[in-house]
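Observations on the three-dimensional arrangement
Spelled out, the chains give:
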Amino acid sequence: MSALIEIERLTRRFGGFTAVDDVSFTVNRGEVLGFLGPNGAGKSTTMRMLAGFMPPSSGTARICGADILEQPVAAKRHLGFLPEGAPTYPEMTVTGFLEFAGRIRGFKGGELDDRVAHAMLLTQLEGVRLQPIETLSKGFKRRVGLAQALLHDPPVLVLDEPTDGLDPNQKHEVRELIRRMAPEKAIVISTHILEEVGAVCTRAIIIARGRVVVDAPPAVLEEEGSSLDDVFRRLTLGTEAHAGETA
Amino acid sequence: MAPALIVARRELAGYFATPVAYVFIVIFLVLAGALTFTLGNFFGRGQADLQPFFAFVPWLFLFLVPALTMRLWAEERRLGTIELLLTLPLPQWQAVLGKFLAAWVFCGIALLLTFPLVVTVNLLGQPDNGVILSGYLGCLLVAGAYLAVGAAVSAMTKNQVIAFVLAVALCFVFGTAGSPVVTEFLSTRLPILADIARGISVAERFGGFTRGLVAARDLVFFASFIGFFLFLNAVVLDHRKAD
Ligand SMILES: Nc1ncnc2c1ncn2[C@@H]1O[C@H](COP(=O)(O)OP(=O)(O)OP(=O)(O)O)[C@@H](O)[C@H]1O
Ligand SMILES: [Mg+2]
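Residues numbered from 1 in each chain as written. Chains lettered and ligands numbered in written order. Predicted model: local features only at pLDDT ≥ 70, side-chain atom pairs only at ≥ 80, totals over all residues. Heavy atoms only, no water.

Basically, it comes down to this: UniProt positions are given in the numbering used here, feature names are shortened, and annotations may be inferred rather than shown by experiment.
As annotated in an unreviewed UniProt entry, chain B carries the name ABC transporter permease and is attributed to Siccirubricoccus soli. Per UniProt, chain B carries the Subcellular location (unreviewed entry) text "Cell membrane".

Labelled according to an unreviewed UniProt entry, chain A appears under the name ABC transporter ATP-binding protein, originating from Siccirubricoccus soli. Listed under Sequence similarities (unreviewed entry) in UniProt, the entry text for chain A is "Belongs to the ABC transporter superfamily."

With respect to the site of ligand 1
Rules: Nearness here has a simple test: a residue counts as near a molecule or strand if at least one of its heavy atoms is within 4 Å of that partner. As used in this structure description, the phrase polar contact means that two N or O atoms lie within 3.5 Å; if the pair is within protein, one of them must be able to donate a hydrogen and the other to accept it, and residues adjacent in sequence are counted only when both atoms belong to side chains. Per-residue and other accessible areas follow the Shrake-Rupley method at a 1.4 Å probe size, with only the shown protein chains counted as cover for residues. When residue character is reported, Ala, Val, Leu, Ile, Met, Phe, Trp, Tyr, Cys and Pro are called nonpolar, Asp, Glu, Lys and Arg charged, and the others, Gly included, polar.
As a structural note, the neighbourhood of ligand 1 is formed by 15 residues, with Lys 43, Ser 44, Thr 45, Glu 84 and His 192 of chain A the closest of them. Neighbouring residues of ligand 1 are not confined to a single chain but are spread across chains A and B. In this structure, Glu 84 of chain A approaches ligand 1 through a side-chain N or O atom, which is 2.7 Å from an oxygen atom. At 2.7 Å, a side-chain N or O of His 192 of chain A approaches an oxygen atom of ligand 1. The protein chains hide 69% of the 640 Å² of surface that ligand 1 would expose on its own. Tallied by class, residues from the shell around ligand 1 come to six nonpolar, six polar and three charged.

Remarks on the interface of chain B and chain A
Convention followed: Working rule for contacts: check all heavy atoms of both residues, and any pair within 4.5 Å makes them a contact. Throughout, buried area stands for the accessible area (probe radius 1.4 Å) lost by two parts on being put together, summed over both. Here, a salt bridge means any side-chain nitrogen of Lys or Arg that lies within 4 Å of a carboxyl oxygen of Asp or Glu.
Of the residues lining the interface, 26 residues belong to chain B; the matching set on chain A comes to 26 residues. Roughly 2500 Å² is buried in total at the junction of chain B and chain A, and carbon and sulfur atoms are behind 70% of that figure. Here Glu 83 of chain B and Arg 48 of chain A are joined by a salt bridge, their closest N and O atoms 3.0 Å apart. Run the count over chain B and chain A and you get five residue pairs in polar contact (both at pLDDT 80 or more).

Looking at empty space enclosed by the protein
Residue and element names in this part refer to chain A. Formally: Here a cavity is any set of points on a 1 Å grid over the protein atoms alone where a 1.4 Å probe fits but cannot get out, and a pocket is any open set with protein on both sides within 12 Å along at least 5 of 7 lines; a residue lines the site when it has an atom within 4 Å of a point. Grid points are joined across faces, edges and corners, and a volume is the space filled by probe spheres set on the points. A run of DSSP states H or I qualifies as a helix once it reaches four residues; a run of E qualifies as a strand once it reaches two. Both are numbered from the N-terminal end. An automatic or database domain assignment provides the domain bounds reported here.
In this structure the tally under the stated criterion is four cavities of 30 Å³ or more. Taken together, Leu 122, Thr 123, Gln 124, Arg 143, Leu 146, Gln 170, Glu 173, Val 174 and Leu 177 form the lining of the largest cavity. Counting residues per element, the ones that place at least two in the lining of the largest cavity are helix H5 (138-150) and helix H6 (168-181). Sorting elements by how many residues they give to the lining of the largest cavity places H6 first, with four residues. Two domains share the lining of the largest cavity, each providing at least three of its residues, namely domain 1 (3-78 + 156-246) and domain 2 (89-153).

Points about the sheet that holds strand S2 (residues 17-28) of chain A
Residue and element names in this part refer to chain A. Just so we agree on the cut-off: For two strands to count as paired, DSSP must find a minimum of two bridges between them. Each axis is a line fitted through C-alpha atoms, taken for helices only over the stretch in contact, and angles between the N-to-C directions span 0 to 180 degrees.
Read from one edge of the open sheet, four strands run S2-S1-S4-S5, paired in antiparallel fashion. The open sheet has two free edges, formed respectively by S2 and strand S5 (66-67), since each of these has just one partner strand. Relative to S2, strand S1 (residues 3-14) runs antiparallel, the two sharing eight bridges. Residue pairing across strands places Ala 3 opposite Asn 28, the latter belonging to S2. Where helix H1 (residues 43-50) meets the sheet, its contacts fall on S1, S2 and strand S4 (58-63), and the angle it forms with S1 comes to roughly 120 degrees.

Concerning the pairing of strand S9 (residues 203-208) of chain A
Residue and element names in this part refer to chain A. For clarity, the threshold we go by: When a residue's accessible area, from a 1.4 Å probe over protein chains only, is under 20% of the maximum for its type it is buried; when over 50% it is exposed; and in between it is partly exposed.
Within S9, six of the six residues are buried, which leaves it mostly tucked inside the rest of the structure. In this structure, strand S3 (residues 32-36) lies alongside S9, joined through four bridges in parallel fashion. Pairing of Leu 33 across the sheet is with Arg 203, part of S9. Counted along the chain from S9 to the antiparallel partner strand S10 (residues 211-216), the turn is two residues long, and its residue Arg 209 has a positive phi close to 50 degrees.

A word on the sheet that holds S9 of chain A
Residues and elements named next belong to chain A. What the six strands build is an open sheet, ordered S6-S7-S8-S3-S9-S10; its pairing is mixed. What marks the edges here is a single partner per strand, and that holds for strand S6 (79-82) and S10. Averaged over neighbouring strand pairs, the angle between their axes works out to 15 degrees when direction is ignored. Direction of pairing for S6 relative to strand S7 (residues 156-160): parallel, over a ladder of four bridges. The residue of S7 that forms the bridge with Gly 80 is Leu 157. Sheet strands touched by H1: S3, S6, S7, strand S8 (186-190) and S9. Its angle to S7, the strand with the most contacts, is close to 145 degrees.

So this is what it looks like as structure tokens:
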């Protein structure tokens, strides 16, 4: 079985408003899925449900075969998740924070130290290891969140805007990192930077108003229009106008 | 190490990384000391025991414990770290238990720091140290009961002011339910309610401890009281975590 992520008819309502509407897709090992859509399309909500934080109104998902509703802890063990905005405990040091996440994941002693050191190496955090996170700049904070998601070398990565707020060098580093990890993992990243999709993703899903409107490799999308930018605008503006008419 | 203990350790370190811990402890010690020596007439009573101290501690906890618990879940929500904590591979109840344990240990530390009182009575006379010990145990259990109530309330609302006021009100109800004013009022009208009030009263159970009586049924009462509210906390958290 190569589908590491299986999303099945996932739906989330807030009152009368449907933020995520009957979304289904699977992601196989080796795939990097770019999850695109305008603000408020439902990307973060979908990722929150997949990560087992927000209970779905209906539908479910499986991570490495573990159902997020029936075996939440097993599903989370296989997952590295970067929540939107990369939240961290501000008073902790970078090392302290990563050690906390590592301990919860069951590492101890020398292995814990190795894991933390390796994650800091991947995200270039060694220079600030002992600094309290609240004193770091935005980009460094994001990298701490990323290091936390990579700590246990999980088969499934779900990253909500991983390169938001990073400088061009760091964006490049993170994309390189994702490309290098891609063959052994199933990765979902959400982003508003469309050239990133062409650079790292093997497949793109565009959602608008909670529904999947396109699911195709970026190259195929670019053939359709002159650029990914145009395709994105045409598809997402189209759905909004359409929804406006019917409403 | 159990996930709850890892969470508790992080949480406790967090208390001491901010002024919250120091302000709480200093206020607690100053008030406990001042009330015991002035209103409690510690020296004038001519008795070597800590009864005045034990009489005031539950009242101090009534306000200080909700101040501690109001930010328990609200702060995680504000920072967004709740999303991080609850997507780590630990059962949710372990996170609930861990946060509670950290706050409880913290109250224990505050209580331990009142040791000069114990030293003083021992210098001045021959107190029954067994009674003092069971009194302290009672204080710790009252703190645990109030903490469990406050933690459950803080899972219900994002608003820290509401969390504080609600927790004080609830703790007040559980604290005073068994007091003569309440039970006498009830027993003239609805005797069955008077029994219930006595049954759920934290203060009623605490009284035994201050007289040196550590009864199994009182321990069971506190254990089930705390257990019930932690369970409630976990259930509420499950429903409200993403709101
Ligand atoms: N807790 C909540 N209560 C009510 N509505 C919510 C809640 N969380 C999200 N929504 C709504 O659901 C919709 C989808 O939000 P979501 O955060 O998933 O968007 P997004 O695609 O991640 O957008 P962005 O690109 O801005 O990050 C939005 O309209 C948002 O207002
Ligand atoms: Mg988002």
